[in-house]
Amino acid sequence: MRWLPWGLVLALLALPILTPAAPKQNEPAGEVMYRYTKPDGTLAVSATLNEQAIHAGYQVLDHNGRVLRREPPAPPEEQARRRQAMAAEQQAQRQAERDKELERLYAGPEDAVRARERQIEALELRISYATNTLAQLEEKRDQEVSLAARAERAGRPVPEGTRQAIEEYQRRMAHVRQEIAGYEKDKQAVREQYAPIIERLEELEGS
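Here the residue numbers are simple positions, counted from 1 along each chain's written sequence. With the structure being a predicted model, the display of local features is reserved for residues of pLDDT at least 70 and the display and counting of side-chain atom pairs for 80 or more, all residues being used for whole-chain, interface and lining totals. Only hydrogens and water are removed before side-chain values are computed, so all heavy atoms of the structure are retained for them.

**Q** How would you sum up the pairing of strand β1 (residues 33-37)? Please name residues and give values.
**A** Relative accessibility decides the category of a residue: with a 1.4 Å probe and only protein chains considered, values under 20% of the type maximum give buried, values over 50% give exposed, and everything between is partly exposed. A run of H or I in DSSP becomes a helix once it reaches four residues, and a run of E becomes a strand once it reaches two; helices and strands are each numbered from the N terminus. Alternating positions in β1 separate cleanly, Tyr34 and Tyr36 being buried on one face and Met33, Arg35 and Thr37 remaining unburied on the opposite face. Pairing between strands is defined by DSSP: at least two bridges between them are needed. Here β1 runs beside strand β2 (residues 43-46); their pairing, made up of four bridges, is antiparallel. Looking at the pairing, Thr37 lines up with Leu43 of β2. Counting the residues between successive antiparallel strands, the hairpin from β1 to β2 contains five residues, one of them, Gly41, with a positive phi of roughly 95°.

**Q** Outline the side chain of Glu144, supporting the account with residue identities and numerical values.
**A** With respect to the element layout, Glu144 can be found in helix α4 (residues 109-153). Charge convention: Lys and Arg are scored as positive, Asp and Glu as negative, and His as well as the terminal groups of each chain are ignored. When a carboxyl oxygen of Asp or Glu lies within 4 Å of a side-chain nitrogen of Lys or Arg, that pair is called a salt bridge. Among buried Asp, Glu, Lys and Arg side chains, Glu144 stands out as unpaired, with Lys140 the closest opposite charge at 9.4 Å. Once residues lying within four places of it in the same chain are set aside, the contact partners of Glu144 are Thr162, Ala165, Ile166 and Tyr169. Whether two residues are in contact is decided by their heavy atoms: any pair within 4.5 Å suffices.

**Q** Tell me about the nonpolar core, and please be specific about residues and values.
**A** To form a nonpolar core, buried Ala, Val, Leu, Ile, Met, Phe, Trp, Tyr and Cys residues must be joined to one another through side-chain atoms within 4.5 Å. Ranked by size, the top nonpolar core spans 21 residues in total, and within it Tyr106, Ala112, Val176, Ile180, Tyr194, Ile197 and Leu201 carry the most contacts. Tallying contributions element by element places helix α5 (residues 160-206) first for this core, with eleven residues. Those residues in contact with Leu201, other than ones at most four positions away along the chain, are Leu102, Tyr106, Gly108, Pro109 and Ala112. The next biggest cluster of nonpolar side chains, apart from the first, holds nine residues, and it includes Ala44, Ala53, Ile54 and Val60.

Written as C-alpha coordinates, this is what we have:
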(Lines give C-alpha, C1' and ligand atoms only; values in the text may rest on other atoms or scores of the structure.)
Protein backbone atom coordinates (compact mmCIF):
# COMPACT_ATOMS: atom_id res chain seq x y z
CA MET A 1 0.00 0.00 0.00
CA ARG A 2 1.34 3.43 -0.96
CA TRP A 3 1.06 6.39 1.42
CA LEU A 4 1.06 10.03 0.42
CA PRO A 5 3.91 12.14 1.84
CA TRP A 6 2.87 13.59 5.20
CA GLY A 7 3.60 17.15 4.02
CA LEU A 8 1.18 16.71 1.13
CA VAL A 9 -1.51 15.34 3.44
CA LEU A 10 -1.19 18.34 5.78
CA ALA A 11 -1.22 20.80 2.89
CA LEU A 12 -4.34 19.23 1.39
CA LEU A 13 -6.14 19.18 4.72
CA ALA A 14 -5.40 22.90 5.16
CA LEU A 15 -7.17 23.80 1.93
CA PRO A 16 -10.74 25.04 2.09
CA ILE A 17 -13.33 22.97 0.29
CA LEU A 18 -14.05 24.77 -2.95
CA THR A 19 -16.94 24.30 -5.33
CA PRO A 20 -17.47 26.09 -8.63
CA ALA A 21 -19.48 29.27 -8.17
CA ALA A 22 -23.13 28.71 -8.91
CA PRO A 23 -24.74 31.06 -11.43
CA LYS A 24 -26.73 33.87 -9.87
CA GLN A 25 -30.30 34.65 -10.76
CA ASN A 26 -29.28 36.85 -13.67
CA GLU A 27 -26.77 34.23 -14.86
CA PRO A 28 -28.77 31.37 -16.47
CA ALA A 29 -27.03 28.04 -16.17
CA GLY A 30 -25.17 27.11 -19.31
CA GLU A 31 -25.23 30.66 -20.69
CA VAL A 32 -22.26 32.16 -18.88
CA MET A 33 -18.52 31.82 -19.40
CA TYR A 34 -15.65 32.41 -17.03
CA ARG A 35 -12.55 34.40 -17.93
CA TYR A 36 -9.41 34.22 -15.81
CA THR A 37 -5.66 34.59 -16.01
CA LYS A 38 -3.63 31.40 -16.16
CA PRO A 39 -0.36 30.98 -14.24
CA ASP A 40 1.63 31.81 -17.39
CA GLY A 41 -0.12 35.19 -17.66
CA THR A 42 -2.40 34.38 -20.60
CA LEU A 43 -6.18 34.79 -20.50
CA ALA A 44 -8.45 31.77 -20.66
CA VAL A 45 -12.19 31.51 -21.20
CA SER A 46 -14.03 28.40 -20.12
CA ALA A 47 -17.52 27.15 -19.42
CA THR A 48 -16.34 25.73 -16.10
CA LEU A 49 -14.17 26.95 -13.26
CA ASN A 50 -11.12 25.25 -11.84
CA GLU A 51 -9.54 25.85 -8.47
CA GLN A 52 -6.75 27.95 -9.97
CA ALA A 53 -9.31 30.37 -11.43
CA ILE A 54 -11.27 30.53 -8.17
CA HIS A 55 -8.13 31.45 -6.25
CA ALA A 56 -6.73 33.87 -8.82
CA GLY A 57 -10.02 35.67 -9.42
CA TYR A 58 -12.22 35.59 -12.50
CA GLN A 59 -14.89 37.37 -14.51
CA VAL A 60 -18.34 36.05 -15.40
CA LEU A 61 -19.29 36.76 -19.01
CA ASP A 62 -22.57 36.46 -20.85
CA HIS A 63 -22.87 34.83 -24.27
CA ASN A 64 -21.94 38.17 -25.89
CA GLY A 65 -18.74 38.45 -23.88
CA ARG A 66 -20.00 41.22 -21.60
CA VAL A 67 -18.81 41.14 -18.00
CA LEU A 68 -21.68 40.34 -15.67
CA ARG A 69 -19.62 40.37 -12.48
CA ARG A 70 -16.08 40.10 -11.18
CA GLU A 71 -14.85 37.81 -8.45
CA PRO A 72 -11.70 39.04 -6.69
CA PRO A 73 -8.71 36.78 -6.02
CA ALA A 74 -8.60 34.70 -2.88
CA PRO A 75 -6.74 36.18 0.13
CA PRO A 76 -2.92 35.91 -0.03
CA GLU A 77 -2.85 33.36 2.79
CA GLU A 78 -5.22 31.10 0.93
CA GLN A 79 -3.25 31.46 -2.30
CA ALA A 80 -0.04 30.60 -0.42
CA ARG A 81 -1.66 27.44 0.97
CA ARG A 82 -2.80 26.52 -2.51
CA ARG A 83 0.69 27.01 -3.99
CA GLN A 84 2.15 24.89 -1.22
CA ALA A 85 -0.36 22.14 -1.82
CA MET A 86 0.20 22.23 -5.57
CA ALA A 87 3.98 22.08 -5.10
CA ALA A 88 3.64 19.12 -2.74
CA GLU A 89 1.29 17.38 -5.16
CA GLN A 90 3.69 17.91 -8.08
CA GLN A 91 6.61 16.64 -5.99
CA ALA A 92 4.62 13.55 -5.03
CA GLN A 93 3.73 12.96 -8.68
CA ARG A 94 7.37 13.25 -9.77
CA GLN A 95 8.41 10.86 -7.00
CA ALA A 96 5.72 8.39 -8.05
CA GLU A 97 7.00 8.51 -11.63
CA ARG A 98 10.58 7.93 -10.46
CA ASP A 99 9.42 5.06 -8.27
CA LYS A 100 7.60 3.47 -11.18
CA GLU A 101 10.72 3.69 -13.32
CA LEU A 102 12.88 2.19 -10.54
CA GLU A 103 10.47 -0.72 -10.12
CA ARG A 104 10.55 -1.26 -13.88
CA LEU A 105 14.35 -1.41 -13.90
CA TYR A 106 14.94 -3.37 -10.69
CA ALA A 107 13.07 -6.25 -9.07
CA GLY A 108 14.11 -4.95 -5.65
CA PRO A 109 17.05 -3.49 -3.70
CA GLU A 110 19.04 -6.72 -4.05
CA ASP A 111 18.73 -6.47 -7.83
CA ALA A 112 20.10 -2.92 -7.73
CA VAL A 113 22.99 -4.06 -5.51
CA ARG A 114 23.85 -6.76 -8.05
CA ALA A 115 23.74 -4.23 -10.88
CA ARG A 116 26.06 -1.93 -8.93
CA GLU A 117 28.50 -4.75 -8.21
CA ARG A 118 28.55 -5.80 -11.87
CA GLN A 119 29.62 -2.32 -12.89
CA ILE A 120 32.25 -2.13 -10.17
CA GLU A 121 33.61 -5.55 -11.12
CA ALA A 122 33.89 -4.47 -14.76
CA LEU A 123 35.84 -1.38 -13.68
CA GLU A 124 38.09 -3.43 -11.42
CA LEU A 125 38.86 -5.73 -14.36
CA ARG A 126 39.92 -2.71 -16.38
CA ILE A 127 42.07 -1.51 -13.48
CA SER A 128 43.72 -4.93 -13.26
CA TYR A 129 44.45 -4.95 -16.98
CA ALA A 130 45.83 -1.40 -16.87
CA THR A 131 47.98 -2.24 -13.84
CA ASN A 132 49.52 -5.18 -15.69
CA THR A 133 50.17 -2.95 -18.69
CA LEU A 134 51.82 -0.39 -16.42
CA ALA A 135 54.10 -3.04 -14.91
CA GLN A 136 55.20 -4.17 -18.39
CA LEU A 137 55.91 -0.60 -19.44
CA GLU A 138 57.93 0.03 -16.29
CA GLU A 139 60.00 -3.10 -16.95
CA LYS A 140 60.75 -2.04 -20.53
CA ARG A 141 61.53 1.49 -19.40
CA ASP A 142 63.95 0.15 -16.78
CA GLN A 143 65.70 -1.91 -19.43
CA GLU A 144 66.27 1.20 -21.53
CA VAL A 145 67.46 3.13 -18.46
CA SER A 146 69.99 0.34 -17.79
CA LEU A 147 71.30 0.64 -21.34
CA ALA A 148 71.64 4.38 -20.93
CA ALA A 149 73.50 3.97 -17.61
CA ARG A 150 75.84 1.38 -19.14
CA ALA A 151 76.72 3.76 -21.96
CA GLU A 152 77.43 6.58 -19.55
CA ARG A 153 79.67 4.38 -17.40
CA ALA A 154 81.61 3.43 -20.49
CA GLY A 155 82.06 7.07 -21.37
CA ARG A 156 79.85 6.81 -24.45
CA PRO A 157 76.93 9.08 -25.26
CA VAL A 158 73.48 7.63 -24.66
CA PRO A 159 72.05 6.49 -28.00
CA GLU A 160 69.29 8.71 -29.29
CA GLY A 161 67.06 5.70 -29.77
CA THR A 162 67.45 4.81 -26.10
CA ARG A 163 66.54 8.35 -25.03
CA GLN A 164 63.47 8.34 -27.23
CA ALA A 165 62.42 4.92 -25.95
CA ILE A 166 62.68 6.08 -22.33
CA GLU A 167 60.60 9.19 -23.07
CA GLU A 168 57.99 7.13 -24.93
CA TYR A 169 57.65 4.63 -22.10
CA GLN A 170 57.35 7.46 -19.59
CA ARG A 171 54.61 9.05 -21.67
CA ARG A 172 52.68 5.79 -22.00
CA MET A 173 53.07 5.05 -18.30
CA ALA A 174 51.64 8.47 -17.40
CA HIS A 175 48.68 7.80 -19.69
CA VAL A 176 47.97 4.42 -18.08
CA ARG A 177 48.18 5.95 -14.59
CA GLN A 178 45.57 8.51 -15.66
CA GLU A 179 43.36 5.69 -16.91
CA ILE A 180 43.63 3.87 -13.59
CA ALA A 181 42.78 7.06 -11.68
CA GLY A 182 39.78 7.56 -13.96
CA TYR A 183 38.53 4.03 -13.32
CA GLU A 184 38.83 4.59 -9.57
CA LYS A 185 36.72 7.74 -9.89
CA ASP A 186 34.19 5.82 -11.96
CA LYS A 187 33.90 3.22 -9.20
CA GLN A 188 33.14 5.94 -6.66
CA ALA A 189 30.61 7.52 -9.05
CA VAL A 190 28.84 4.16 -9.45
CA ARG A 191 28.56 3.79 -5.67
CA GLU A 192 27.18 7.31 -5.34
CA GLN A 193 24.74 6.74 -8.21
CA TYR A 194 23.30 3.55 -6.74
CA ALA A 195 23.17 4.64 -3.10
CA PRO A 196 19.89 6.63 -3.38
CA ILE A 197 18.44 4.04 -5.77
CA ILE A 198 19.01 1.19 -3.32
CA GLU A 199 17.78 3.28 -0.41
CA ARG A 200 14.54 4.19 -2.22
CA LEU A 201 13.93 0.60 -3.31
CA GLU A 202 14.34 -0.50 0.31
CA GLU A 203 11.75 2.10 1.34
CA LEU A 204 9.33 0.92 -1.34
CA GLU A 205 9.83 -2.69 -0.36
CA GLY A 206 9.04 -1.87 3.27
CA SER A 207 5.97 0.23 2.49
